[in-house]
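Residue-level structure breakdown
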Amino acid sequence: MELSQDYSNLWSTLLDRSRWGSGNASTPANTAPNYNLKQGSRQQQKRLSSGEIVTLVARYEAGATVYELAEAFGIHRHTVAQRLREAGVKLRRTAPTDDEITEMVQRYESGQSLARIAETIGGTTANTVKRCLLERGVAIRPRPGWSR
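Residues numbered from 1 in each chain as written. Predicted model: local features only at pLDDT ≥ 70, side-chain atom pairs only at ≥ 80, totals over all residues. Heavy atoms only, no water.

In this structure, the second largest pocket occupies an estimated 240 Å³ of space. The wall of the second largest pocket is formed by Y60, T65, V66, Y67, R77, H78, A81, R85, L91, R92, R93 and T94. Taken together, the elements giving at least two residues each to the lining of the second largest pocket come down to α3 (66-73) and α4 (77-86). With four residues, α4 is the largest single contributor of residues to the lining of the second largest pocket. Of the residues that constitute the lining of the second largest pocket, the class distribution is five nonpolar, three polar and four charged. (1 Å grid on protein atoms, 1.4 Å probe; cavity = no way out; pocket = protein on both sides within 12 Å on 5 of 7 lines; lining within 4 Å. Points joined across faces, edges and corners; volume = space filled by probe spheres on them. Helix = DSSP H or I, 4+ residues; strand = E, 2+ residues; numbered from the N terminus. Nonpolar A, V, L, I, M, F, W, Y, C, P; charged D, E, K, R; others polar.)

What the rule picks out here adds up to one cavity of 30 Å³ or more. Empty space within the largest cavity amounts to approximately 30 Å³. For the largest cavity, the full set of lining residues is K90, T94, P96, E100, I121, G122, G123 and T124. Among the residues forming the lining of the largest cavity, the class breakdown is two nonpolar, four polar and two charged.

This brings us to the nonpolar core. L56, Y60, L69, F73, V80 and L84 are the most contacted members of the largest nonpolar core, which has 15 residues in total. At four residues, the largest contribution of residues to this core is made by α3. For L84, the residues in contact, after removing those within four places along its chain, are L56, V57, Y60, V89 and L91. Listed in part, the 13 residues of the second largest apolar core include M104, V129, C132 and V138. (Core = buried A, V, L, I, M, F, W, Y, C linked by side-chain atoms within 4.5 Å. Buried < 20%, exposed > 50% of the residue type's maximum accessible area, 1.4 Å probe, protein only. Contact = heavy atoms within 4.5 Å.)

Centre distance and the angle of the planes are the two values used to describe a pair of aromatic rings. Counted by the stated rule, this structure contains zero aromatic pairs. Over the ring of Y60 we find R92, and its NZ or CZ is 3.9 Å from the ring centre. (Phe/Tyr/Trp six-rings, centres within 6.5 Å; stacked < 30°, edge-to-face > 60°. Lys NZ or Arg CZ within 6 Å of the ring centre and 35° of its normal.)

Between α3 and α4, the least distance of the axes is 8 Å, while the angle of their chain directions is 105 degrees. The pairing of α3 with α4 is recorded here as roughly perpendicular in orientation. Seen from α3, the contacting residues are V66, Y67, L69 and A70; seen from α4, they are R77, V80 and A81. Counted by class, the contact of α3 with α4 contains six nonpolar, no polar and one charged residues. (Axes fitted to C-alpha atoms, helices over the stretch in contact; angles between N-to-C directions. Parallel < 35°, antiparallel > 145°, perpendicular 65-115°, else oblique.)

Listed below in structure tokens is the structure:
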């Protein structure tokens, strides 16, 4: 089997490096990859000022999503969520807490509909309320006008 000129040059360069260390200045630059890896380098962290956090909260409460805010402020969406929680903001589309689920059960057993409970609790949907009730072992009533 015969090696082409390109592979032959690469092979001889690798042999030289294995025998003599990292090679010398006469080694052609295009025969071995140069990865330029920085060991231990870390991403530069962006710190939000208190004014930026106030703006972040205001925009979230006005309807902006965590994803939109992350892009606008140049930070990760998890950081956005963390800063909002630290500011006391209840995030949309988060799992209900145990206390909220207990309240859902009480409201449902008192006769409220799934949709009404979702509106009252806020930040959730009727389907989420139903799922939480089923997980707690609550029997779901048939919908008015629907037969099972």
